[in-house]
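Observations on chain architecture
Residue-level listing of the chains:
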Amino acid sequence: MRYFIGIDIGGTNIAVGIVDEHGTLVQKLSVPTRSAQGLDAMLEDMVSACNAVRELAGMKKEEISSVGIGVPGPVTREGVVIRAVNLGTEWSNLNLSAVMSSALGMPVYLANDADCAALGEVISGAGANCNSALMITLGTGIGGGFIVDGHIFSGCTGQGTEPGHFTFLYGGEPCSCGKRGCFERYTSATALIQQTKRAMEQHLDSKMWALVDNDIDAVNGKVPFDAAKMGDETAKAVLEQYVDYMGMGIASMTDTFRPELVIIGGGISNQGDYLMIPLNAAIRKYAFASDVIAPPPAVRATLGNDAGIIGAAMLEVSAEKASKQ
Ligand SMILES: [Zn+2]
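First, a word on scope: everything that follows refers to the structure included in this document.

Cut-offs and rules
Residues numbered from 1 in each chain as written. Predicted model: local features only at pLDDT ≥ 70, side-chain atom pairs only at ≥ 80, totals over all residues. Heavy atoms only, no water. Pairing = 2+ DSSP bridges. Helix = DSSP H or I, 4+ residues; strand = E, 2+ residues; numbered from the N terminus. Contact = heavy atoms within 4.5 Å. Axes fitted to C-alpha atoms, helices over the stretch in contact; angles between N-to-C directions. Buried < 20%, exposed > 50% of the residue type's maximum accessible area, 1.4 Å probe, protein only. Right-handed = clockwise from strand over helix to strand, strands pointing away. Donors = N, O, S within 2.8 Å, 3.2 Å for Na, K, Ca; no water. Tetrahedral: all angles 85-135°; square planar, octahedral: opposite > 155°, others 65-115°.

1. A word on the sheet that holds strand S10 (residues 298–300)
Taken together, five strands build an open sheet; the order of strands is S8-S7-S6-S9-S10 and the sheet is mixed. Strand pairing shows two members of the sheet lacking a second neighbour, strand S8 (151–152) and S10, which therefore form its edges. Relative to strand S7 (residues 142–148), strand S6 (residues 133–138) runs antiparallel, the two being bridged by six bridges. Bridge assignment links Leu 138 to a residue of S7, and that residue is Ile 142. Packed on one face of the sheet, helix H8 (residues 233–257) meets S6, S7 and strand S9 (261–265) and runs near 155 degrees to S6.

Written as structure tokens, this is what we have:
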């Protein structure tokens, strides 16, 4: 059995785990992300965490095949972090794979964290036994990635895909990336909150006002769902529009790539069937020739935060599969 270490660098914590060749997480731990202390402190933390998790599992260094790291930002095929805005400027053009490889004395693979989560879900989560999938994570923004033939579709430059930033509406809402009309401006949790607030301002009789004690700043992504379940018409209309946006965007992507499956992650996906049933209907509504070609089913992610660790750990396996294509 081969074993791998996966590191998922998040804004709050760095999660590290040992994963076997089947994608099963056998040991994990996490340490706080000390980005304010600078790059060297974080590198030291990652090296110590790798050694600590290996010792917890009772394994020798020689038993680990490689280390994979999921980075919150774009990376190159050569293992260089292009930038990671939330971690600091020292992370720009950082050859992280070389630095970590010499510190750990083993091969290090690198990928974007959203691509790692997609890979993890396809190896041992919602997409297990599936070869190709589109993953969409509904968070502050939209994270996501495409898995093709069991490996990350990283494109010719190695940076993977940005499903959150394809132009959904020409000249639409301004996006943090500098463009307008990006998909995430309509379908992220942040977008849902904005759509909810706008509807509340137009409908002072909505039950959503009572749910937030008349404080519009207290609106979160759960409020429209809670109110809709109580029969609130304003909340129902917000969600109908939101799910319609999502279905149209996802159908555009699946028409282009034809994955077997669409995997939906992030906090909003916790709404379960209340989201997934209308979402599947909306994808069918917009997918090309869906009366004769069944669009891929959309299902909930199952691994939660572990997807990023598992996917990072399996980067060596993903690279092996990609090289055989
Ligand atoms: Zn954008």
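There is more to say, and it comes next.
2. Looking at the pairing of strand S5 (residues 108–112)
With four of its five residues buried, S5 lies for the most part within the structure. Looking at chain direction, strand S4 (residues 64–71) and S5 are connected through five bridges and run parallel. The residue of S5 that forms the bridge with Gly 70 is Ala 111. In terms of handedness, the path from S4 via helix H2 (residues 96–104) over to S5 forms a crossover that is right-handed.

3. Overview of the environment of Ile 9
Here Ile 9 lies in strand S1 (residues 3–9). In sequence terms Ile 9 and Ala 199 are 190 residues apart; their C-alpha atoms lie 36 Å from each other. Contact partners of Ile 9, with chain neighbours within four places excluded, come to Ile 14, Met 42, Met 46, Ile 69, Gly 70, Pro 72, Leu 87, Trp 91 and Asp 113.

4. A word on the sheet that holds S1
Pairing within the open sheet is mixed, and its five strands lie in the order S3-S2-S1-S4-S5. Two strands in the sheet have a free side with no partner beyond their single neighbour: strand S3 (25–32) and S5. Adjacent strand axes in the sheet meet at a mean angle of 20 degrees when their direction is disregarded. Strands S1, S4 and S5 of the sheet are contacted by H2, whose axis makes an angle of about 145 degrees with S5.

5. Describing the coordination of the zinc ion
Listed as protein donors to the zinc ion are His 165 (ND1), Cys 175 (SG), Cys 177 (SG) and Cys 182 (SG); their distances from the metal cover 2.0 to 2.4 Å. For the zinc ion, the four donor atoms in the first shell make angles of 107 to 117 degrees at the metal, so the coordination geometry reads as tetrahedral. Motif for the zinc ion, donor spacing along one chain: H-x9-C-x1-C-x4-C. For Cys 175, a relative accessible area of 9% gives the class buried. You can call Cys 177 partly exposed: its relative accessible area is 39%.

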